Amino acid sequence: ELLASFKVNLSGSHRVADMEFAGFNNFKEVLFGSRSTDFWMAFRNTFLLSAYGLIFGFPVPIILALFFNEIKSNAYRSFLQVVTYLPRFISTVIITTLVWMLLSGKGLLPEGTPGVISKTLVSLKLISSEVADKGVMFHSQYFRSVFLIQGIWEGAGYGSIVYFAAVIAISPTNYEAAQIDGAGKIQQLRYVVLPAMLSTIIIMLIVRIGALLSIGYETVYLLRHRSTYMTAQVISTLALDWKESTTNEMLSTVPEMINNITSMVLVIGANMISRKVSETSLY
């Protein structure tokens, strides 16, 4: 048996050795060839989803941490923190299924009616009744908003832990000195709390910029529909689709490799800028 397995491995190594080196042909096909349209669409969607998450989602954990710091009752604050942390510990499948149920249209709910949130949006005249009847999740123009809101709801509470730790580490004497100087709540927030959080915010921002193009495929894969591919197809799901639909497995690794290289450049660039501007950096 050992000899047979050795022969199998040896024959496999011969087949690998006989394979022709592709060079940069796969990169050329992805960037400029027949698959460039799909790749650049996925690249644009990945960048936009990440950029919206950075602009609208990054400040939310900071605001939550400041909000928790203002709550004097430890029991009430602990309860609110647990409530905000909870979505992070729920399975992604359950979260996305809940989103589908709250926003789904015909064919997803037993009664064939729009979800609760869809009805609320119709009553607020934010969407039309036709969109609600068909289902918000089946319209590509709403996918980014749904993805962004779900991401904030799922990760804001858990992300506030780091910032809240920076806030509670501030010495009470700093607040007392500010109060003696006549500083109110806004002045204390500006001159005491935010400067103490600044280094933490910068480090987390650099890390977030480094992951700007790294969107996990799980949430996107579970939220997307074939009618929303124009806005829902990202690099990770594109690589997965290519791996399932093509015999050239190496081709499916090209988008992820380009993504990783771009993320590395973003981290280095953000770190250099931060080091020159604020003297705070990762390395």
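A. Just the nonpolar core, in detail. Ile62, Tyr163, Val193 and Met197 are the most contacted members of the largest nonpolar core, which has 27 residues in total. For this core, the secondary structure elements donating two or more residues are helix H4 (59-70), helix H9 (143-168), helix H10 (172-180) and helix H11 (185-210). Contact partners of Tyr163, with chain neighbours within four places excluded, come to Phe58, Pro61, Ile62, Ala65, Met197, Thr200, Ile201 and Met204. The next biggest cluster of nonpolar side chains, apart from the first, holds 18 residues, and it includes Leu103, Val131, Phe147 and Val220.

B. Summary view of the side chain of Ser160. Of note, Ser160 is situated in helix H9. Taking the relative accessible area as the measure of exposure, Ser160 reaches 1% and is therefore buried. Among all residues touching Ser160, those that are not within four sequence positions of it are Pro61, Leu64, Ala65, Phe68 and Tyr85.

C. Just the environment of Ile268, in detail. Structurally, Ile268 can be placed in helix H15 (residues 249-278). Put simply, Ile268 and Ile206 are 62 residues apart on the chain and 9.0 Å apart in space, counted from C-alpha to C-alpha.

D. The packing of H11 against H15, seen in detail. Here H11 crosses H15 at 155 degrees, and the two axes come no closer than 8 Å. Relative to H15, the element H11 is oriented roughly antiparallel. For H11 against H15, the interelement crossing comes out right-handed. Residues Ile202, Ile206, Ile209 and Gly210 of H11 pack against Ser263, Leu266, Val267, Ala270, Asn271, Ser274 and Ser278 of H15. Of the residues belonging to the contact of H11 with H15, the class tally is six nonpolar, five polar and no charged.

E. View of unusual backbone geometry. Within the chain, Lys125 stands out as a residue other than glycine whose phi angle is a positive 60 degrees. Relative to the elements of secondary structure, Lys125 occurs in the loop between helix H7 (116-123) and helix H8 (129-134).

F. Spotlight on H11. Residue Leu194 marks the point of greatest curvature in H11, where the axis turns by about 45 degrees; the proline Pro195 follows within four residues. By the burial criterion, the buried members of H11 are Gln188, Val192, Val193, Met197, Thr200, Ile201, Ile202, Ile206, Ile209 and Gly210. Summarising the contacts, the buried residues of H11 are in contact with helix H3 (36-57), H4, H9, H10 and H15.

G. Fine view of the confidence of the model for the chain. On average, the chain scores 82 in pLDDT, and the residues at 70 or more come to 87%. Ranking the elements of the chain by mean pLDDT puts helix H1 (residues 2-18) last with 46 and H4 first with 92. For residues 1-18, every residue scores under 50 in pLDDT, and the model assigns this stretch zero contacts once sequence neighbours within four places are set aside.

So, how was this worked out
- Residues numbered from 1 in each chain as written.
- Predicted model: local features only at pLDDT ≥ 70, side-chain atom pairs only at ≥ 80, totals over all residues.
- Heavy atoms only, no water.
- Core = buried A, V, L, I, M, F, W, Y, C linked by side-chain atoms within 4.5 Å.
- Buried < 20%, exposed > 50% of the residue type's maximum accessible area, 1.4 Å probe, protein only.
- Helix = DSSP H or I, 4+ residues; strand = E, 2+ residues; numbered from the N terminus.
- Contact = heavy atoms within 4.5 Å.
- Axes fitted to C-alpha atoms, helices over the stretch in contact; angles between N-to-C directions.
- Parallel < 35°, antiparallel > 145°, perpendicular 65-115°, else oblique.
- Left-handed = near helix turned anticlockwise from the far one by under 90°.
- Nonpolar A, V, L, I, M, F, W, Y, C, P; charged D, E, K, R; others polar.
- Bend = angle between axes of the 7 residues up to and from the residue.
- pLDDT = per-residue confidence, 0-100.

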